[in-house]
Amino acid sequence: YVADRGNDRVQKFSSLGVFLSVLGGPGHAPGRFNDPFGLAVDSQDNLYVAANHWWWWPKPGQTDHSYLHKFDITDPNRARYVAFFESRGSNTVRP
C-alpha cells in the first residue's frame, strides 16, 4: 500500500510492484480522504489511513485536524471500509 497524497488515494501494489487497485479518492464521504499521509496494517488485516481534513480551518491554538480511516483488508480482492476516527489537535471527537 502506498499513500498517493497528490491524488487523495491509496494505491495497492503486489510484492513485485505491479499495480493492483486503489482506495479512496478526494472527498469527505466514508472511505474518501484528502492528503493521506500515513498508513499502517495491524495483525488482524486492518489498514489504517491517516489523512487531513479538506475543509477544516483551524481555530487559534489548534494545530491539526485529521482523520484515521479503517479498512478491513482480509479479502485480498476488496477492501471494506469499517470506520473513522476524527482528531482535532489532541482531542479525539468521534470514533
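One structure accompanies this document, and this report is about it. (Residues numbered from 1 in each chain as written. Predicted model: local features only at pLDDT ≥ 70, side-chain atom pairs only at ≥ 80, totals over all residues. Heavy atoms only, no water.)

Overview of the overall build of the protein
If you tally the helices and strands in the protein, you get 0 helices and 8 strands. Listing the helices and strands of the protein from first to last along the sequence gives β-β-β-β-β-β-β-β. Across the 95 residues of the protein, 29% fall into the buried class. A sequence separation of at least 24 residues applies to 27% of the contacts in the protein between residues at least 6 apart. (Helix = DSSP H or I, 4+ residues; strand = E, 2+ residues; numbered from the N terminus. Buried < 20%, exposed > 50% of the residue type's maximum accessible area, 1.4 Å probe, protein only. Contact = heavy atoms within 4.5 Å.)

Observations regarding the side chain of His-69
Within the secondary structure layout, His-69 lies in strand 6 (residues 65-72). Polar side-chain contacts of His-69 include one of 3.3 Å to the side chain of Tyr-81. Dropping the residues within four chain positions of it, His-69 is found in contact with Gly-31, Arg-32, Phe-33, Leu-47, Tyr-48, Val-49, Ala-51, Tyr-81, Ala-83 and Phe-84. (Polar contact = N/O pair within 3.5 Å; in protein donor to acceptor, adjacent residues only side chain to side chain.)

Focus: the packing of aromatic side chains
By convention here, two paired aromatic rings are described through the distance between centres and the angle between planes. A full pass over the atoms with the stated rule returns 3 aromatic pairs. With 5.8 Å between their ring centres and 75° between their planes, Phe-13 and Phe-19 make a pair best called edge-to-face. By relative accessible area, which is 31% here, Phe-13 ends up partly exposed. Taken together, a centroid distance of 5.2 Å and an interplanar angle of 75° make the contact between Phe-71 and Tyr-81 edge-to-face. One end of the pair, Phe-71, is in strand 6; the other, Tyr-81, is in strand 7 (residues 80-88), with 10 residues separating them in the sequence. Owing to a relative accessible area of 4%, Phe-71 belongs among the buried residues under this scheme. On the accessibility criterion, Tyr-81 (23% relative accessible area) is partly exposed. (Phe/Tyr/Trp six-rings, centres within 6.5 Å; stacked < 30°, edge-to-face > 60°.)

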